[in-house]
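Here is what each chain is made of, one letter per residue.
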Amino acid sequence: MDVTMPIENVVVRPMTSSDLMNALSMTQALHWPHTYQDWDQIVSLGPSLVMEIDGDMIGTACLVPQGDYASVGLIVISDQYQGHGLGRRIMHDIMDCAATDSYFYLTATEMGKPLYKKLGFVEYNVIEQYQNTVSSKDITLVQPIANADIRTYQTKDYDRLHSLINAATGMDRKAILDLMLRVSSHTLVVSDDGEITGFAMYRPFGRGFSIGPVIADCTQNALALISSLLKNADGEFVRLDIINQYPETGKMLTEWGLAKVDTVSQMVKGKVPEVNGHFKQFGLVTQAIG
């Protein structure tokens, strides 16, 4: 479709709750898995924008502030309006919504990477997406390291989880943690002689459920958390977005019957987040949030 588009007809404005159904329709057209609830959750975490032409939504963008950083996600421009510089425009507009000294990061498909590189983003992680309907008989429980056990999250654990998620990402993720604890149906922690050294969450997302974030001090404990959640997910469609620098995680997910369906790039504009090397993020919250 050939579109002639006078720039004065393009309007970018804040997204409101009344825009969510149209935003959902845009991601559904791309075959992205997000539900209305998924959209509502990310919009609750920070500013989001709508791009319109003559009152019709043709683009979206979301921003999630996280201390010195802000994640940019759900950047969508309708197919018929591609190639007119609108992706670049809405990226500048959504980044202008952040604090002036923020660093930015995002998850980029191969199609999106050229634009983000032009805007100054560089790749610093590779993310692999795994998903499938779980068969519990295929899940072999991994035991945590010696002296550690796995138990259900208790409210007294909150401050420790906040400390761990910040240490493992190099960002302030209190608002994200609060949201995830509200929406998660099951949160597990690794307790090592009474000290929590990892946690993972299981919650509704997309076509079914998602496991993430996954934070732990070692791969064995991360796999212990993931296997415990998968063991109780028989018959459910489950997705994980994992950081591929820990290859044993992907290897085990494959053995448990989850298929790798996509590989994307995590990119940053500014300095790469400085994380506490003792704790690692093995699984993302979502690709849009990180």
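Residues numbered from 1 in each chain as written. Predicted model: local features only at pLDDT ≥ 70, side-chain atom pairs only at ≥ 80, totals over all residues. Heavy atoms only, no water.

1. Focus on the pairing of strand S4 (residues 69-77)
Next, step 1: Counted residue by residue, S4 has nine buried out of nine residues, so it is predominantly covered.
Next, step 2: Bridge count between strand S3 (residues 56-66) and S4: seven bridges; the pairing is antiparallel. From the neighbouring strand, Pro-65 faces S4, where its bridge partner is Ala-70.
Next, step 3: From the end of S3 to the start of S4, which pair antiparallel, there are two residues, and Gly-67 there has a positive phi angle of about 70°.
Next, step 4: For the crossover from S4 across helix H3 (residues 86-95) to strand S5 (residues 103-108), the handedness is right-handed. (Buried < 20%, exposed > 50% of the residue type's maximum accessible area, 1.4 Å probe, protein only. Helix = DSSP H or I, 4+ residues; strand = E, 2+ residues; numbered from the N terminus. Pairing = 2+ DSSP bridges. Right-handed = clockwise from strand over helix to strand, strands pointing away.)

2. Here we look at the pairing of strand S2 (residues 48-53)
Next, step 1: For S2, a buried count of six out of six residues is recorded, marking the element as mostly surrounded by other parts of the structure.
Next, step 2: What you see with S2 is no split at all: Ser-48, Val-50 and Glu-52 on one side and Leu-49, Met-51 and Ile-53 on the other are buried throughout.
Next, step 3: Across five bridges, strand S1 (residues 10-14) lies against S2 in antiparallel orientation. Following the sheet pairing, Pro-14 is matched in S2 by Leu-49.
Next, step 4: In this sheet, S3 lies alongside S2 in antiparallel orientation, the contact comprising six bridges. Its bridge partner lying in S3, Val-50 is registered against Thr-60.
Next, step 5: As consecutive antiparallel partners, S2 and S3 are separated by two residues, and within that stretch Asp-54 has a phi angle of approximately 50°, a positive value.

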